[in-house]
Amino acid sequence: MIESFSDSVRSIAENKIIQDAIMKNGIHAATLNSDAVVSMNPVFSEEIETGKVADQKQSGRCWMFAALNTFRHKLSETYNLKDFELSQNYTLFWDKFEKANYFLENIIETASEPLEGRLVSWLLETPQQDGGQWDMLVAILEKYGVVPKQAMPETYQSSRTIELNRVLNAKLREDAGVLRKLYADKKTREALENAKTVMLGDIYRILAFALGEPPKTFDFEYRDEDKHFHRDLGITPQAFFKKYIDLDLNDYVAVINAPTKDKPYNKTYTVQFLGTVVGGHPIKYLNVDMETLKALAISQIKDNESVWFGCDVVQYSDNKHGIMDTALYDYEAAFGTEFKMNKAERLDYKHSCLTHAMVLTGVNLVDGKPNRWKVENSWGEKWGTKGYFVMSDPWMDEYTYQVVINKKYLSDDLKAAFEQDPIELKPWDPMGALAVMQ
C-alpha cells in the first residue's frame, strides 16, 4: 500500500516541483495566492478613523484589547485625544482575580463530582487563563470600572503572561485539592468559604507583585489635540468609566453565527461554568444567520461606531500582509486533495472555533453588498497596514463567530428573541471557546 502511495507521488513530474517549493519555503509561502493579496486592497467605502493600533504583546488579551479599543475610539473622538489608551493591565488584574474566585467557587459546587469525571477534569484543565469574551469584560467593567493606561501601565508580566499563568494555575490546582478534601471530610460550606478567602488572599498578593496594585483613585490629566490642558483630580475607576466612556453596557448584545443543528437561529444561548464575576453580567448569545449578523455590523459601522468581533484568525490568514481570505492559500491544487467541511462541520468536528477578537472599523460596499472589511488588530504596527488587516467577505462568512451590537440596530423580532431565557450549553461546547491568540 505504501509503495502505491509513493508511486502516485513520483509518477507526476510536476509533483517534484511542488515538493521542492514546499520543503524549501513552507506550506504558506509556497501556496500563497498572489491574486488574493492584490484583491485585498486596504481601501474601504465605509471607514472609521481610529488612530494608532495597540499591542497586546506576548499575552492572550486580544478580547480585552478589542473591547477597550472600542471604548477608546469613542473617548478619543469625544475629548479630541490622539492615540489614547485605557489600561489593559488594570482589567487584566481584576479579570485574573475574579477568574480565580470563579474557579474556586466552581470547585466547591462540584465537590461531590468524581475527580476523574469529565466536568472536574475540564475545570482543572485550565483554572484561569488570559482568554475571554465580551460579556466577561462587561462584568469586570461593571464592578471595577476602568482607568487610563497612565494610571496603571504595563509591567513585564502583563505583557508576557505565560509565567504568571503557570504560577496562578499551580496555586489554584493545589487549592482545588484542599477544598475537595475539606468537602470529603464533611466540613461545612462556611469552612470551605473561609478557606477560599485565605486562598484569594494569596492570589491577590501574586497579582499585586506581578502586575502592581490597581489604583482606588487617580488624577486624570491630559492635553487635547487643540493643546488645551485638562485635569480631573481624585477620580475613581468606576466614576471615570461613567463620566468619560458614558456607555450603558446593557445596550450591547453578543450576536453569534453557529449554524450547527443543535443551535436553531433566533434563540439565545449560554454556556455552563463560563464567566468571570460570580453573580455578575451573564454570558448570553443570540444566534442568527450570517447575512443578519453582517447587516447588523454594517449598520453600526455606518453610524461611526466600531464593532467588537470574535473569529478564528489562524485559518487562511497571513500576518505579514494583514490578510484574511479563504482564497489566500491554494492547498487543494498544491496537495491534490479537497478540503470540503462547511462551517457547521468545522465546529462539530473541532477544527474551528473562536480564537481571537479584533475590531471592525470599516467595510467596502459594492451595490450595497460587502466584499471586504477593515480590521483593527492588537498586535502592534509591524503587521498588515500599520496593524490593520483586510478581511474578505467569504472569510467573514466562514470564520467569524461573534459580533457585539447595540440593541438599537436589532429588529423588533430580534430584540424579542434576545429576551428569551437562554438555552444552556455544555462547558466544552465550541461556543464556550475563548479568544486567547497572542
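The structure displayed is predicted, hence computed values, not measured ones.

Asks: Report on helix α10 (residues 162-184), specifying residues and quantitative values.
Replies: For α10, which comprises 23 residues, the first-to-last C-alpha distance of 33 Å matches the rise-based estimate of 33 Å (1.5 Å per residue) to within 8%. Among all positions of α10, only L164, N165, L168, N169, L172, D175, A176, L179 and R180 are buried. At its buried positions, α10 is contacted by α6 (88-109), α7 (118-125), α9 (156-159) and α11 (189-211). Remark: K186 follows α10 within two positions and exhibits a positive phi of approximately 65 degrees.

Asks: Can you explain the environment of Y409? Please cite residues and give values.
Replies: The residue Y409 is located in the loop between β13 (400-406) and α17 (412-418) in this model. By relative accessible area, which is 16% here, Y409 ends up buried. When near neighbours in sequence (up to four residues on either side) are disregarded, Y409 contacts L296, S299, Q300, D303 and E305. Within the structure, the side chain of Y409 is placed 2.7 Å from the side chain of D303, a separation counted as a polar contact.

Asks: Which residues make up empty space enclosed by the protein, and what are the values?
Replies: The full count for this structure, using the stated rule, is 1 cavity of 30 Å³ or more. The computed volume of the largest cavity comes to approximately 40 Å³. Surrounding the largest cavity, Q133, I256, Y285, L354, Y401, Q402, P430, M431 and A433 form its lining. Residue composition of the lining of the largest cavity, grouped by class: 7 nonpolar, 2 polar and no charged.

Asks: How would you explain the pairing of strand β4 (residues 252-256) if you had to name every residue and give the values?
Replies: The element β4 is largely enclosed, with a buried count of 5 among its 5 residues. Side chains of β4 alternate between two faces, with Y252, A254 and I256 and V253 and V255 buried alike. In the sheet, β4 pairs with strand β6 (residues 285-287) via 3 bridges, with the strands oriented parallel. In the strand pairing of β6, I256 is matched with N287.

Asks: Lay out the nonpolar core with the relevant residues and their values.
Replies: In terms of nonpolar packing, the biggest core is built from 121 residues, with F71, F240, Y285, L360, W373 and M391 touching the most fellow members. Considering every element that reaches this core, the biggest residue donor is α6, with 10 residues.

Asks: With reference to specific residues and values, describe the pattern of salt bridges.
Replies: In the structure shown here, the tally under the stated rule is 25 salt bridges. Residue K340 is joined to E338 by a salt bridge in which the shortest nitrogen-to-oxygen separation is 3.8 Å. When its relative accessible area of 53% is taken as the criterion, E338 is described as exposed. Residues joined in a network through salt bridges with shared partners are E105, E109, R189, E193 and K196.

Asks: Account for the packing of aromatic side chains, naming residues and giving values.
Replies: Counted by the stated rule, this structure contains 23 aromatic pairs. Ring geometry for F93 versus Y204: centroids 5.3 Å apart, planes at 80 degrees, classification edge-to-face. Linking F93 in helix α6 with Y204 in helix α11, this pair joins segments that are 111 residues apart in sequence. Taking the relative accessible area as the measure of exposure, Y204 reaches 24% and is therefore partly exposed. Of the aromatic side chains, those joined through ring pairs into one cluster are Y79, F84, F218, F220, Y222, F240 and Y244. The residue whose ring lies beneath R372 is F44, and the NZ or CZ to ring-centre distance is 6.0 Å. Over the ring of Y388 we find K374; its NZ or CZ atom is 4.5 Å from the centre of that ring.

Asks: How would you summarise unusual backbone geometry if you had to cite specific residues and measurements?
Replies: Most peptide bonds are trans, and most residues other than glycine sit at a negative phi. Within the chain, D83 stands out as a residue other than glycine whose phi angle is a positive 55 degrees. For D83, the position within the fold is in the loop between α5 (62-79) and α6. With a phi angle near 45 degrees, Y316 is a residue other than glycine that sits in the positive phi range. Within the secondary structure, Y316 sits in the loop between β7 (307-311) and β8 (317-318). Under the relative-accessibility criterion, Y316 is labelled buried at 16%.

Asks: I'd like to hear about the packing of α6 against helix α8 (residues 134-144), residue by residue, with values.
Replies: One way to put it is that α6 packs onto α8 with a least axis distance of 10 Å and a crossing angle of 105 degrees. Classified by the angle their axes make, α6 and α8 are roughly perpendicular. Contacts between α6 and α8 pair Y90, T91, W94, D95, F97, E98 and K99 from the former with M136, L137, I140, L141, K143 and Y144 from the latter. For the contact of α6 with α8, the per-class residue count stands at 8 nonpolar, 1 polar and 4 charged.

Asks: Please provide a residue-by-residue account of the side chain of D325, values included.
Replies: As for its position among the elements, D325 is in the loop between β9 (323-324) and α14 (331-335). Buried within the structure, D325 lacks any salt-bridge partner; R372 is the closest side chain of opposite charge, at an N-O distance of 10 Å. Of the polar contacts made by the side chain of D325, one reaches the side chain of S392; its length is 2.8 Å. Dropping the residues within four chain positions of it, D325 is found in contact with A36, S39, M40, Y316, S392 and W395.

Asks: Tell me about the pairing of strand β10 (residues 356-366), and name the residues and values.
Replies: The buried fraction of β10 amounts to 10 of the 11 residues, a majority that puts the element mostly inside the structure. When strand β1 (residues 46-47) meets β10, the two strands line up antiparallel, connected through 2 bridges. Its bridge partner being in β10, E47 is matched across the sheet by G362. Hairpin connection, β10 to strand β11 (residues 369-376): the antiparallel pair is bridged by 2 residues, and D367 has positive phi, about 55 degrees.

Reading the values: rules and limits
- Residues numbered from 1 in each chain as written.
- Predicted model: local features only at pLDDT ≥ 70, side-chain atom pairs only at ≥ 80, totals over all residues.
- Heavy atoms only, no water.
- Helix = DSSP H or I, 4+ residues; strand = E, 2+ residues; numbered from the N terminus.
- Expected span 1.5 Å × (residues − 1).
- Buried < 20%, exposed > 50% of the residue type's maximum accessible area, 1.4 Å probe, protein only.
- Contact = heavy atoms within 4.5 Å.
- Polar contact = N/O pair within 3.5 Å; in protein donor to acceptor, adjacent residues only side chain to side chain.
- 1 Å grid on protein atoms, 1.4 Å probe; cavity = no way out; pocket = protein on both sides within 12 Å on 5 of 7 lines; lining within 4 Å.
- Points joined across faces, edges and corners; volume = space filled by probe spheres on them.
- Nonpolar A, V, L, I, M, F, W, Y, C, P; charged D, E, K, R; others polar.
- Pairing = 2+ DSSP bridges.
- Core = buried A, V, L, I, M, F, W, Y, C linked by side-chain atoms within 4.5 Å.
- Salt bridge = Lys/Arg side-chain N within 4 Å of Asp/Glu carboxyl O.
- Phe/Tyr/Trp six-rings, centres within 6.5 Å; stacked < 30°, edge-to-face > 60°.
- Lys NZ or Arg CZ within 6 Å of the ring centre and 35° of its normal.
- Axes fitted to C-alpha atoms, helices over the stretch in contact; angles between N-to-C directions.
- Parallel < 35°, antiparallel > 145°, perpendicular 65-115°, else oblique.
- Lys, Arg positive; Asp, Glu negative; His and termini not counted.

What is shown is where atoms sit, not what they do.
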